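Chains, contacts and geometry: an overview
Here's the letter readout for the chains.
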Amino acid sequence: MANITKKVSWSSRTDDSGAAGEGTPLLNGSEKPKHSRQSASSGASNVGRLSTVDLEEEITSEEDSFRGRPKEIPHNEKLLSLKYESLDYDNSENQLFLEEERRMSYMSFRCLEISRWVVCGLIGFLTGLIACFIDILVEQLAGIKYQVVKRNIEQFTDAGGLSISLILWAVLNSAFVMVGAIIVAFFEPIAAGSGIPQIKCYLNGVKIPRVVRLKTLLIKVAGVICSVVGGLAVGKEGPMIHSGAVVAAGVSQGRSTTLKKDLKIFEYFRRDTEKRDFVSAGAAAGVSAAFGAPVGGVLFSLEEGASFWNQMLTWRIFFASMVSTFTLNFFLSIYHSNPGDLSNPGLINFGRFDSDSVTYNLYEIPLFIAMGAIGGLLGALFNVLNYWLTIFRIRYVHRPCLQVMEAMLVAAVTATVSFTMIYFSNDCQPLGPDHTEEYPLQLFCADGEYNSMATAFFNTPERSVRSLFHNQPGSYNPLTLGLFTITYFFLACWTYGLAVSAGVFIPSLLIGAAWGRLCGILLASTTSGGSVWADPGKYALIGAAAQLGGIVRMTLSLTVIMVEATGNVTYGLPIMLVLMTAKIVGDYFVEGLYDIHIKLQSVPFLHWEAPATSHWLTAREVMSSPVTCLSKIEKVGHIVDILSNTSSNHNGFPVVMQVPGSDKPPKLCGLILRSQLIVLLKHKVFVELARSRLHTRKLQLKDFRDAYPRFPPIQSIHVSQDEKECMMDLSEFMNPTPYTVPQETSLPRVFKLVRALGLRHLVVVDDENRVVGLVTRKDLARYHLGKHGLEELQLAQT
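About the cut-offs
In every chain, residue numbers begin from 1 and rise along the written sequence. In view of the model being predicted, local features appear only for residues whose pLDDT reaches at least 70, and side-chain atom pairs are presented and counted only at 80 or more, with totals across whole chains, interfaces and linings using the full set of residues. Neither water nor hydrogens contribute to the side-chain values; these are computed over all heavy atoms in the structure. Each helix is a run of DSSP H or I of at least 4 residues and each strand a run of E of at least 2, with the numbering of both proceeding from the N terminus. Throughout, exposure labels follow a simple rule: accessible area from a 1.4 Å probe, protein chains only, divided by the maximum for the residue type, with under 20% read as buried, over 50% as exposed, and the rest as partly exposed. Lines fitted to C-alpha atoms define the axes, with helix axes restricted to the stretch in contact, and inter-axis angles between N-to-C directions lie between 0 and 180 degrees. Small angles under 35 degrees read as roughly parallel and large ones over 145 as roughly antiparallel, with 65 to 115 read as roughly perpendicular and the rest as oblique. Each crossing gets its handedness from the near helix: less than a right angle anticlockwise from the far helix is left-handed, clockwise is right-handed. Throughout, a residue-residue contact means that at least one pair of heavy atoms, one from each residue, lies within 4.5 Å. Gly is placed with the polar residues, together with every amino acid not listed as nonpolar (Ala, Val, Leu, Ile, Met, Phe, Trp, Tyr, Cys and Pro) or charged (Asp, Glu, Lys and Arg). Here a strand pair is declared whenever DSSP counts at least two bridges between the two strands. The patches reported here contain residues having more than 30% relative accessible area and no salt bridge. Joining distances are 9 Å for like charges and 5 Å for nonpolar side chains (Val, Leu, Ile, Met, Phe, Trp, Tyr). Here the open area of atoms and residues is found with the Shrake-Rupley method and a 1.4 Å probe, where only the protein chains shown may cover a residue. Salt bridges are defined as contacts in which a side-chain nitrogen from Lys or Arg sits within 4 Å of a carboxyl oxygen from Asp or Glu.

For the rest of this paragraph, the subject is the environment of Gln472. By the secondary structure assignment, Gln472 is in the loop between helix 15 (461-470) and helix 16 (478-495). Owing to a relative accessible area of 57%, Gln472 belongs among the exposed residues under this scheme. For the pair Gln472 and Gly537, spaced 65 residues apart in sequence, the C-alpha to C-alpha distance is 8.1 Å.

Laid out in C-alpha cells, this is it:
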C-alpha cells in the first residue's frame, strides 16, 4: 500500500513493492503508456478512491511516517492525483428520494426555504464573531509586543547595545511563529496558507480531505493570530474565507462529527448539493468580514469559488455577508467603547478617501493602465518565484520539524531585515500633533521627529497600508519606499507557502501601496506644483490594486472590494482598468497564485471550459473501461468482494439488467454509489432477511443522511459467510435515471455536462444502451492546454 503522507501535495512512493504499480506513472516523470488505465488488472479503471480509507491510512504513528518519508520527494506537475474524490453535486433520484419529496407539502418546502435563510444568518453571525475575536486578539498581542520592543529600543538607543533589541525582537517573533507553525505542521497541515485554493477546489466539486473540519477551523484561527503577531509578511484576511467556509459546513449540517454531537436539526441539508451552497455563503461571509465588503463577498464567491449558481442563492449569500459585516461592526464598536458606532465595517479599514481633495483626470488613465501593467509583471515574478520555492518545499521541507524550523527562520530574518532597514534609515519626519503613528520610533532622529521607515516595518501590515494611503505628502522619502518595496516583496514571497495560517491579500496590498506611492512622488517631482494632481495616496491605492490583481488575478470581485473598502465609488473605473491590465499582462507569463498551488497539489480541477483544441476527442477515448457493473438483484458476497478490492476502488457502479430469455449483453437500468452500498450492507438489507422477518423496518433516506459525510470503510462492516450467500435488491436504492452519453460524444460536450451539472459519474453507452465506459472528473481533468497544444496528464496514486 502506498504511503499516504500528511502534506496534501506530497507524492507517495510504492515502497512495499519497490516499484511503481502497473497502472501508476512513476513520480520522477517517467513515461508510461497513455492508456494504461484500460487494463482492469492494474487498477487502471479507478473511478476514484474512497476518501474514508485514505483518511484511515493517514492516521499513522510519527515513527512510521518518518521511516516512510524519503529525504527528497520527487514532484512532477504533469501528474494528476487519484487521491482526491469528487463530491456528489447531483442528487440520486432513487425511489426513497422521490417518495420523500412527494410526501412533502407546499408548506414543508416553505419551511425548508426559511431554514436556509436561518442557516445563512447563523453563518454570517458566527463568521463575524470569529473575525472580531481574531482582530481583538491580534491587536492586543501585537500592541504588547511592539510596546516591549519600542521601550527596549529607546532604552538602548542612547546607552548603546541595540543588538539586544534586535535579538529581543527576533526571539519574540520566532516564539509566536513557532507556536503557529507547530499546531499547523503537527496537528492539521491542511490549515496552512490562506485556504482559498482548497475552498476553490471544494466548490469546484473536489473532496479535499479534512478541509471543512472543526479542528481545521480552531487551528486556522489560532495559527493566523500567531502568524500576524509574529511579524510575518502575512495578512489575516485570506484565512477568514476558509474559516467562514468551515463554519458554513458545520452549521448547515446541524451536528459535529468531530464532537460526536447531533442536534437533530437541518437533517434535510445533509448532502453535498446543499452543503456546497452554504459553503459558498461561508466564503462570501469571510470576505465580507475581512474587508467590510458584502457585495464584494458575493462577487468573490461567484467569480473565484462557486461553480454552480442560481438567483435565490445570490440573495441568501448577500444576506450572510451583510450579517457578517454587521456582527463584526457591532462587537468592535462595543470593544472600542462606543457601542452603536458602526464605522469599522471590516478587519481591514483602508480609511475614507475624500473625493473632493483626491480626484483624477482623463490624462491620468494611461498612467493608471501603465501601473496595472507593472503590477501584472511584478505579480508574475512573485508567482514564478513562489512556484519554484513551493516545489523546493515539497521535495525537501516535508517533515513537520523542518517546516517549523523554516517558519522560525523566516520570522527571525523578517525581524532582522526590518531592524536593519530601520537602523540604517535616516528618513526623519516631524511628529505633528495630529500624527496617526501607533508606535512612532525616534531612534537617531532629533526630538519631535520619528523614523519614517519604522512606520512601514514596525507595525501590523494593515496599519502600514493605511498610513501609505493617507499620510500627508512628504511623509515618506522615495528611497525609503523603494527599499521597503524590494525587501517586503521578497519577504512576502518567501513567507507564502510556509506551514502557517496566513493570507497573501495584505502583503500584496502593502507592496503595491509602497511602489504606487513612490510612483506618485516621482510624478509629482517631474512637474512644478505637481502635488495637486499626483497625490501620493491616490497612486498608493492604484498600486495596491495593481499588485494584488497581478498576484491573485481577480477582476470583478476585487474591484468592488476595493471600492467598498475605500468607501468611494469615484475610483471604480481606474481600479477596474488597473485590475484588467494586471490580469492580462500577468496571464501572459504565468497563472494566478491560487491556480498554481491547485496545480502543484495535483488536484483534478475542472475549469469553466474544456480545452480549446479538444473537439477531436470523444467519450470513447477519455472514458474509464472496463466498468464493474452490478445486477439489479446481486449476490451480497459479490458486492463485498468488489467493495473490498483495493486495486480498483470504484465509487459508482452502473446497475444492469438481463432481458429475460435473451442471451444478449445486459442493458443499463441505473447507477448506485459505493456509499449507498455500504449503508445497505451495514443495515443488512438482504432479500432473504426481509422475507423471514414479519415486521422489518424499511430503510429510509434518514439512514443514509445519518452516515453522511464519513461513510464507514468496507473493512469495518462484518458480513458472515451465510450472509454472503444472500441476495440484495438494488432497485429501490439505485438512481434509475443516470445521465448517459453515446460513445461518439465530443469531449467539450461531455465536459459541459459534467461541469455544469456537477456530476460525479457519467455513463457512456452504445447504440443498444449497453455500458461501455464511465467518465469521471479525473478523466476530463487529464486534458489541458500546454505550451505544445493539448497535453494529457498522467494519473498517479499520490
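At their nearest, the axes of helix 12 (residues 365-396) and helix 21 (residues 593-600) sit 10 Å apart, and the two run at 25 degrees to each other. With respect to each other, helix 12 and helix 21 are oriented roughly parallel. The element helix 12 and its partner helix 21 pack so that their crossing is right-handed. Listed contacts from helix 21 to Phe382, Asn383, Asn386, Tyr387, Thr390, Ile391 and Ile394 of helix 12 are Leu593, Ile596, His597 and Leu600. When the residues that make up the contact of helix 12 with helix 21 are grouped by side-chain class, the tally is 7 nonpolar, 4 polar and no charged.

Moving on, we come to the sheet that holds strand 14 (residues 762-765). As summarised here, the arrangement of the 3 strands in space is 13-14-15, forming an open sheet in which the pairing is mixed. Edge positions in the sheet fall to strand 13 (740-742) and strand 15 (771-775), since each has one partner strand and no second. Averaged over all adjacent pairs, the angle separating strand axes in this sheet is 30 degrees, with direction ignored. Bridge analysis of strand 13 against strand 14 gives 3 bridges, and the strand direction is parallel. Residue pairing for strand 14: Val741 is matched across the bridge by Val764. Set on the sheet, helix 28 (residues 747-757) makes contact with strand 13, strand 14 and strand 15; between it and strand 14 the angle comes to about 150 degrees.

Taken together, the side chains of Phe326, Phe330, Ile334 and Leu342 make up a nonpolar region of the molecular surface, amounting to roughly 350 Å² of accessible area. Structurally, Phe326 can be placed in helix 11 (residues 311-335). Here Phe326 falls in the partly exposed class, since its relative accessible area comes to 47%.

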